[in-house]
Amino acid sequence: MVTTKELIQENNEKREQLTEENEQYYTNMLVYIRSKFLLSERATEELLMEMLEHLLEGQKDGKSAENIFGGDPRAYADEVIAQMPKEKKKNQLLFGIQLIFSVLGWMVIARGAILGVLSFIKPVDEHLYLASTAAMVAAVLMMTAVGVLLLINVVNKTAFEEKKSTWKVAIVGGVSGVLVFGLFMGIAFFFKERGPAIEFPWVASLLVGFVMLLLSQWIARKNEATA
């Protein structure tokens, strides 16, 4: 059985056969449909592949994407989306857990790398303050979720614009970055060294981070297998 990842790869390869005009039309719909993250990922990729093959067949007969799918790609995509199945609750949960492990894994690795470098320059405090850490983790996860939702919202609104509003994406990214930085600074100031402390050497931080990333990848493969 072809996996979802293989379907995506095949789609990427076949898309190269499209004319520039048809490729732009199809890619806009692809981005728009994929941004609906509550839909079944496998059903989404199967549908996109069917649409691509249909377009390639029509292209051979001299038809354009507009001839095949109509002059209003957003309306066509919305009509198709309304008939598609939602992702299973189990898979949504696994995706959420995977994302959490991935974000926390990189956080812990970044901590270990920074402390590791600084330890060669000066003595560093390798203690982990539980209350401060909990506040930091909660803030990062919250901002990640908000950032993703904002980005998806921008993609949904600009997917079919002839001139892409890249500045909107840049603004969302910039504002998110400023908010995350401000949040970090606020937590560092108000929650500095709060709660019980445990020693957590930078080497252990790196190892735990890598383990969390491996778990994230394992969950992703498990999620794909059950899709």
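Refer to the structure printed above.
Along each chain, the written sequence defines residue order, and numbers are assigned to residues from 1. Restriction of local features to residues with pLDDT of at least 70 applies here, the model being predicted, together with a cutoff of 80 or more for giving and counting side-chain atom pairs; totals for whole chains, interfaces and linings are based on all residues. Note that the side-chain values use all heavy atoms of the structure and ignore hydrogens as well as water.

**Some remarks on the overall build of the chain**
Working step 1: Numbered from the N terminus, helices here are DSSP runs of H or I no shorter than four residues, and strands are runs of E no shorter than two. Within the chain, the regular secondary structure consists of nine helices and two strands.
Working step 2: When the helices and strands of the chain are placed in sequence order, the string is α-α-α-α-α-α-β-α-α-β-α.
Working step 3: Only protein chains enter the accessibility calculation, which uses a 1.4 Å probe; a residue is then buried when its area is under 20% of its type maximum, exposed when over 50%, and partly exposed in between. Taking all 227 residues of the chain together, 35% fall into the buried category.
Working step 4: Contacts were defined at the residue level, with two residues in contact if any of their heavy atoms lie within 4.5 Å. Long-range contacts, defined here as pairs at least 24 residues apart, represent 81% of the contacts in the chain between residues at least 6 apart.
Working step 5: Computed with a 1.4 Å probe, the accessible areas rest on the Shrake-Rupley method; for each residue, only the protein chains presented here act as cover. Only carbon and sulfur atoms are counted for the fraction: they give 66% of the accessible area of the chain, which is about 14,100 Å².

**Quick word on the pattern of salt bridges**
Pairing between side chains becomes possible if they bear opposite charge and their charged atoms approach one another.
Working step 1: Counted as salt bridges are all cases of a side-chain nitrogen of Lys or Arg within 4 Å of a carboxyl oxygen of Asp or Glu. If you walk through the whole model with that rule in mind, you get five salt bridges.
Working step 2: In this structure, the salt-bridge partner of Glu10 is Lys14, at a minimum N-O distance of 3.1 Å. Note that Glu10 and Lys14 are positioned in helix 1 (residues 4-15) at a spacing of four residues, about one turn of the helix.

**Quick look at the packing of aromatic side chains**
Working step 1: The rule is short: rings of Phe, Tyr and Trp, with Trp giving its six-membered ring, pair when the centres are within 6.5 Å, and they are stacked under 30 degrees, edge-to-face over 60, tilted in between. For the structure on display, the rule yields three aromatic pairs.
Working step 2: Considering the side-chain rings of Tyr25 and Phe69, the 6.2 Å spacing of their centres and the 20° angle between planes classify their relative orientation as stacked. Of this pair, Tyr25 sits in helix 2 (residues 20-34) while Phe69 sits in helix 4 (residues 65-69), and the two are 44 residues apart along the sequence. Each of the two residues, Tyr25 as well as Phe69, counts as buried.
Working step 3: Here the aromatic residues Tyr25, Phe69 and Tyr76 are joined through ring pairs into a cluster of three or more.

**A look at helix 3 (residues 41-60)**
Working step 1: One fewer than the residue count of a helix, multiplied by 1.5 Å, yields its expected span. With 20 residues, helix 3 extends 29 Å between its outermost C-alpha atoms, agreeing within 8% with the 28 Å of an ideal straight helix rising 1.5 Å per residue.
Working step 2: Phi turns positive, to about 85°, at Gly62, one or two residues after helix 3.

**Observations concerning the packing of helix 6 (residues 89-119) against helix 7 (residues 130-158)**
Working step 1: In this analysis, axes come from line fits to C-alpha atoms, helices being fitted only over the stretch in contact, and the angle between any two N-to-C directions falls in the range 0 to 180 degrees. In the contact formed by helix 6 and helix 7, the axes pass within 11 Å of each other and the chain directions differ by 125°. The angle between the axes of helix 6 and helix 7 places the two elements in the oblique class. In terms of crossing hand, the pair formed by helix 6 and helix 7 is right-handed. Facing helix 6, whose interface residues are Ile100, Val103, Leu104 and Met107, helix 7 presents Met136, Val137, Val140, Leu141 and Thr144.
Working step 2: Three classes are used, and their members are as follows: Ala, Val, Leu, Ile, Met, Phe, Trp, Tyr, Cys and Pro are nonpolar, Asp, Glu, Lys and Arg are charged, and the others, Gly among them, are polar. In terms of residue class, the contact of helix 6 with helix 7 is built from eight nonpolar, one polar and no charged. For classification, angles of less than 35 degrees are called roughly parallel, those exceeding 145 degrees roughly antiparallel, those between 65 and 115 degrees roughly perpendicular, and all remaining angles oblique. By convention the crossing between two helices is left-handed if the near helix lies anticlockwise of the far one by an angle smaller than a right angle, and right-handed if it lies clockwise.

**Some details on the packing of helix 2 against helix 3**
Working step 1: It is at 11 Å that the axes of helix 2 and helix 3 come closest, and there the two elements cross at 170°. By the angle between their axes, helix 2 is roughly antiparallel relative to helix 3. Two packed elements cross with a definite hand, and for helix 2 against helix 3 that hand is right-handed. Residues Asn22, Tyr26, Met29, Leu30, Ile33 and Arg34 of helix 2 form the contact with helix 3, whose own contacting residues are Thr44, Glu45, Leu48, Met49, Met51, Leu52, Leu55 and Gln59.
Working step 2: Here the residues of the contact of helix 2 with helix 3 are counted per class, giving nine nonpolar, three polar and two charged.

**Points about the nonpolar core**
Working step 1: Only buried residues count toward a nonpolar core. Its members are Ala, Val, Leu, Ile, Met, Phe, Trp, Tyr and Cys residues joined through side-chain atoms within 4.5 Å. If you look at the biggest cluster of nonpolar residues, it comprises 23 residues, and the most contacted ones within it are Tyr26, Met29, Met51 and Phe69.
Working step 2: Going through the elements one at a time, helix 2, helix 3, helix 4 and helix 5 (73-82) are the ones with two or more residues in this core.
Working step 3: The element best represented in this core is helix 3, accounting for seven residues.
Working step 4: Look past the residues within four positions of Met29 in its chain and what remains in contact with it is Met51, Phe69, Pro73, Tyr76, Ala77 and Phe160.

Bear in mind that shape data such as this cannot, by itself, settle questions of function.
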